[in-house]
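Okay, here's what each chain looks like letter by letter:
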Amino acid sequence: MDSPLLSVRGLHKSFGNRPVLKGVDFDVRAGELLAFLGANGSGKSTTLRCVMGIAQPDAGVIAVGGDDLGSLPWRQLQEARRRTAMIFQKIHLVPRRTALDNVCAGALARIPTGRSLSPLFFPRSVQQEALECLDRVGLADRAFDRVGRLSGGQQQRVAVARALCQRADIVLADEPVSALDPHAAEQVMALLQHLAHVEKLAVAAVLHQPDLALRRADRCIGLLHGATAFDLPSSEVDAAQLDALYAPDRVVAT
Amino acid sequence: MAVVAVVVLHALAIQGTGFEPGLLVDGWKGMAAFVADAFPPDLSWDKTIRPGLEATLVTLWIGLLGTTFSVPFALLLAVLASRSTAPHRLVYQGARAVLSFFRAVPDIVFALIFVTAVGLGPFAGVLALICHNTGVMGKLWAESMEESDAGPQEALRTAGANRIQQVANATLPMVVPQFVGLLLYRFDVNVRSSLVLGLVGAGGIGLLINQSIKSFRFDSMLTHIIIVLVLIIVVDQFSAWVRRKLAA
Ligand SMILES: Nc1ncnc2c1ncn2[C@@H]1O[C@H](COP(=O)(O)OP(=O)(O)OP(=O)(O)O)[C@@H](O)[C@H]1O
Ligand SMILES: [Mg+2]
């Protein structure tokens, strides 16, 4: 089996003196869709935020393409960060701008600052690439619509297109379908599955619907109180393991 | 306890301002004479209405330039003085201090200063409004950026965009409606301020009103006040219209 694109070992993180992550381990390989499961407050978002560099882990190793982020010089660190894109539950697009302009924004890291002050100045090549990204998520025909006019499911697919325009090969998604109706949720999950299986990206998504996770993901990781409780192919996850994650008698981490 | 404090404060304030309703009762005759003098308003075209309309236009221009020419300064300072976009904590503190200064000095004080520099006339009024309005609008804009959803900005940061790119492509486009709304509100306020600036020599209809009072021509004063009323209603309607367009 090929080596993982993203590899996380022994991730620790405390807020104040309250430990939130107590040794999270996981790998994501190219061509694989991974699901994170876990109760509220189990540390799923914090894990993703540490990988993205939004939060600083206290200890642990995060390696992208085999390189430990902690030991990379600045330039290569930027390059490694460019390879990781994040999809948010609240989508975080600019509703007043068109889908195309929002997708172009994924490429800002390679647009000179002077040309990024307004979408009017975005280079042609970037706009062309953004259009292709929208095509890959099935929304080429809505490129010039304002994002605010699109449905929630369409907006989330635009956000995926923005990640593609970033030329990321690792896509992390924090509850990408929690705000979507069942049909739109299936569509977005099918898209993430397509990105993994067909376009060979490494995709990891936090999901609060175990059935959706078991059906769509290749592997599931259960987080319990900030540590990896299980890491199994979806076919091997059983009801007892899920019960242990979500059991009502769990200590609520608040 | 709070009630006692409020009562005491009001007692002090009444004493401090020489607040004396009795004087108003005694002085009603003077007011009545004043109003009687003002009626009927002087409607002579050449002596009152035409100069009034011309001066009103000047007042409008002062308010307009005072608002629009402060936009670049207010925008720059707002970005530096908003927690979500400031490049550094010290810059943030500095920009806020600058904004506080321009906001704290009343436009009429700026007008008096500029009159000594560039002489009597509308130009001094424009400069005064630019200064004061930069302070007020910069503060309002900075606050609306701090209150706006930070999500899109964070999304671009994780995509590797630098600070300027984040501001230009997430923060500012998110607050365009609020910015325009505040701009219109300030235009409205500035047109009315420029009336007052006229009283201290910064041109416009305020100057004419001041002159007619000084020469006891209360009938032309009334005409000018009616013209001002029309101006303010028109500006108000215009702002409302633009805001409606924006919301649609
Ligand atoms: N910035 C922060 N400051 C302090 N505590 C935080 C911060 N971010 C997260 N926490 C705490 O860390 C714990 C884990 O939060 P996290 O958001 O990672 O959970 P989660 O698994 O994503 O939960 P959910 O399913 O509700 O999204 C929670 O108890 C939360 O209160
Ligand atoms: Mg979460």
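Just so we're clear, the structure is a prediction, and the values are computed from it rather than from any experiment.

The rules behind the values
- Residues numbered from 1 in each chain as written.
- Chains lettered and ligands numbered in written order.
- Predicted model: local features only at pLDDT ≥ 70, side-chain atom pairs only at ≥ 80, totals over all residues.
- Heavy atoms only, no water.
- Domains from an automatic or database assignment.
- Contact = heavy atoms within 4.5 Å.
- Buried area = accessible area lost by both parts, 1.4 Å probe.
- Salt bridge = Lys/Arg side-chain N within 4 Å of Asp/Glu carboxyl O.
- Polar contact = N/O pair within 3.5 Å; in protein donor to acceptor, adjacent residues only side chain to side chain.
- Helix = DSSP H or I, 4+ residues; strand = E, 2+ residues; numbered from the N terminus.
- Nonpolar A, V, L, I, M, F, W, Y, C, P; charged D, E, K, R; others polar.
- Buried < 20%, exposed > 50% of the residue type's maximum accessible area, 1.4 Å probe, protein only.

Student: What should I look at first to understand the domain arrangement of chain A in this one?
Tutor: By a widely used convention, the size of an interface equals the accessible area lost when the partners come together. Residue and element names in this part refer to chain A. Each assigned domain of chain A is listed here: domain 1 (1-83 + 170-254) and domain 2 (90-168). For domain 1 and domain 2, the distance between their C-alpha centres works out to 25 Å. Opposite the 14 residues of domain 1 that make contact, domain 2 presents 11 residues. It is R82, L191 and E199 in domain 1 that bury the most area against domain 2; as a group they hold 40% of the surface buried on that side. Counting across the interface, domain 1 meets domain 2 through 1 salt bridge. The shortest N-O distance in the salt bridge between E199 and R136 comes to 2.4 Å. Connecting domain 1 to domain 2 are 5 residue pairs in polar contact (both at pLDDT 80 or more). Of all the secondary structure elements, the ones that give two or more residues to the side of domain 1 that touches domain 2 are α2 (74-82) and α6 (182-197). Tallying contributions element by element places α6 first for the side of domain 1 that touches domain 2, with 6 residues. Classifying every residue of the side of domain 1 that touches domain 2 gives 9 nonpolar, 1 polar and 4 charged.

Student: Before we go on, may I ask you to explain the environment of N133(B) in this structure?
Tutor: All names here are of chain B. Assignment of secondary structure puts N133 in helix α8 (residues 122-147). On the basis of relative accessibility, which here comes to 0%, the residue N133 falls in the buried class. When the C-alpha atoms of N133 and A74 are compared, they prove to be 8.0 Å apart, with 59 residues separating the residues in sequence. Ignoring anything within four residues of it in the chain, the contact list for N133 reads G66, T67, S70, G138, R186 and N190. A polar atom in the side chain of N133 sits 2.7 Å from the side chain of S70.

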